[in-house]
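# Chain and residue survey
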Amino acid sequence: MQSSAVFSLSPSLPLLKPRRLSLRHPLTTAASSSSSSNLNDLNVSPNVVSIPSLSRRSWRLASSDSPLRAWSGVPSSISRSFDTNRFKTAATAVPESADDGEKSGKLTKMLELGLLFAMWYLFNIYFNIYNKQVLKALHAPMTVTLVQFAVGSVLITVMWALNLYKRPKISGAQLAAILPLAVVHTLGNLFTNMSLGKVSVSFTHTIKAMEPFFSVLLSAMFLGEAPTPWVIGAIIPIVGGVALASISEVSFNWAGFTSAMASNLTNQSRNVLSKKVMVKKDDSLDNITLFSIITLMSLVLMAPVTFFSEGIKFTPSYIQSVGVNVQQIYTKSLIAALCFHAYQQVSYMILARVSPVTHSVGNCVKRVVVIVSSVIFFKTPVSPVNAFGTGIALAGVFLYSRVKGIKPKPKTA
């Protein structure tokens, strides 16, 4: 039985196309019944004899700058499917690598933030321990405060001289606006040292938990910011807890208590003044730079007051006259001053990375850590009533840090 076969050359796939005969190979029948699209792709009509001995061949032209590809025995439909799947796999691989990079970046930032918090707490613990030891041995809170500002000023000067941090360009108007902040900053640190010299570290920080009370009071008086019911509800346990801890405090005396309260007042006055004065900031005056300028100005303000009030009490001859080891007092004073400046610098670095609410919560936790570590190190006697009062006050501070950002709902007409 003979048949005349006509060969036709397709642009994409050359095939043998015998006509008029309806003999079909079983493999061709199965292929045509499974998918009609394959027939269309192969340009094969139903009345076609498929010769299995002749494998499918196709010429494929590459781009103009590449040579002709070799013979391919893979059907074009399978080849296209393979290429499509490969393209899909490659396309899905890109977002996965991007997600991995994003997750790695987030993990790095979390580790960096955790390290900063750990440094913040550690520097604060060491500052309070060494500062208390210096104040206990040398009853000169003004001199100790002056030394802390002096060490910080030296560090700032070296940092600017070596271009480790950009030296700011400050105008006279900006310096005049910063001056009130420097005054209350100086008084705040002086009163804190006066309190630490009179009472225990744990009691000083328990009293300093009253800072939110003064913040709300001063904001209402000078800024016209009425506290929300949530804030008032958080202030009540703070005041009650501090009062309960003060009644049962073993080292209580009015000089230490009043100094800590004055420290709260001056520190919160600094916050109110910063809002009231509205220092004009630019790229050269960020929080760290502002703190550095305030430190330098505090040194200038503190030096004459210290010399006229306490005299010069940091010389080796005077330290020896009061029966204190010169080398030990110098070493501990230097460590305390370095930690004092370091923990405040790290605090501003954290504030630049997190929200004010998160920073406030972290500050509350820091106070707990300092109180507990000082009680353990100095073996401070703590009664159950004192511990209960301190716990209530700190719980109120934590609650305040969470609710102070809640705004009252606007009244609808």
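Refer to the structure above for everything that follows.
The text that follows walks through the structure, step by step, so that each part is easy to find.

Rules of the game
- Residues numbered from 1 in each chain as written.
- Predicted model: local features only at pLDDT ≥ 70, side-chain atom pairs only at ≥ 80, totals over all residues.
- Heavy atoms only, no water.
- Phe/Tyr/Trp six-rings, centres within 6.5 Å; stacked < 30°, edge-to-face > 60°.
- Helix = DSSP H or I, 4+ residues; strand = E, 2+ residues; numbered from the N terminus.
- Buried < 20%, exposed > 50% of the residue type's maximum accessible area, 1.4 Å probe, protein only.
- Salt bridge = Lys/Arg side-chain N within 4 Å of Asp/Glu carboxyl O.
- Core = buried A, V, L, I, M, F, W, Y, C linked by side-chain atoms within 4.5 Å.
- Contact = heavy atoms within 4.5 Å.

### Here we look at the packing of aromatic side chains
How two aromatic rings sit relative to each other is given by the distance of their centres and the angle of their planes. Taken as a whole, this structure holds 16 aromatic pairs when the rule is applied. Seen from their ring centres, phenylalanine 203 and phenylalanine 252 are 5.9 Å apart, and the 70° between their planes marks the pair as edge-to-face. A residue pair is termed long-range when its members are at least 10 positions apart, and phenylalanine 203 in helix H6 (residues 201-207) and phenylalanine 252 in the loop between helix H8 (229-247) and helix H9 (254-278) qualify at 49 residues. Residue phenylalanine 203 is classed as buried on the basis of its relative accessible area, which comes to 1%. Of the residues examined, phenylalanine 252 reaches a relative accessible area of 28% and is grouped as partly exposed. Relative to tyrosine 348, the ring of phenylalanine 291 lies with its centre 5.6 Å away and its plane at 45°, an arrangement referred to as tilted. In this pair, phenylalanine 291 sits in helix H10 (residues 287-309) while tyrosine 348 sits in helix H12 (residues 326-351), placing the two residues 57 residues apart along the sequence. Residue classification places tyrosine 348 among the partly exposed residues on the basis of a relative accessible area of 25%.

### Digging into the pattern of salt bridges
For the coordinates displayed, the defined rule picks out three salt bridges. Across the pair lysine 208 and glutamate 211 runs a salt bridge whose closest N-O atoms are separated by 3.5 Å. You can call glutamate 211 buried: its relative accessible area is 15%. Arginine 367 is the salt-bridge partner of glutamate 211, the closest N and O atoms lying 3.8 Å from each other. In this pair, glutamate 211 sits in helix H7 (residues 211-223) while arginine 367 sits in helix H13 (residues 356-378), placing the two residues 156 residues apart along the sequence. For the pair glutamate 211 and arginine 367, one class covers both residues: buried. Connected through salt bridges with shared partners, the residues Lys208, Glu211 and Arg367 form a single ionic network.

### Here we look at the nonpolar core
Counting 22 residues, the largest nonpolar core has Ile207, Met210, Ile235, Ile238, Met261 and Tyr400 as its most contacted members. Trp120, Tyr121, Met142 and Leu190 belong to the second largest nonpolar core, which has 18 residues in total.

### Looking at the side chain of arginine 367
Looking at arginine 367, the relative accessible area reads 6%, which means it is buried. Residue contacts for arginine 367: discarding those within four places in its chain leaves His205, Lys208, Ala209, Glu211 and Leu394.

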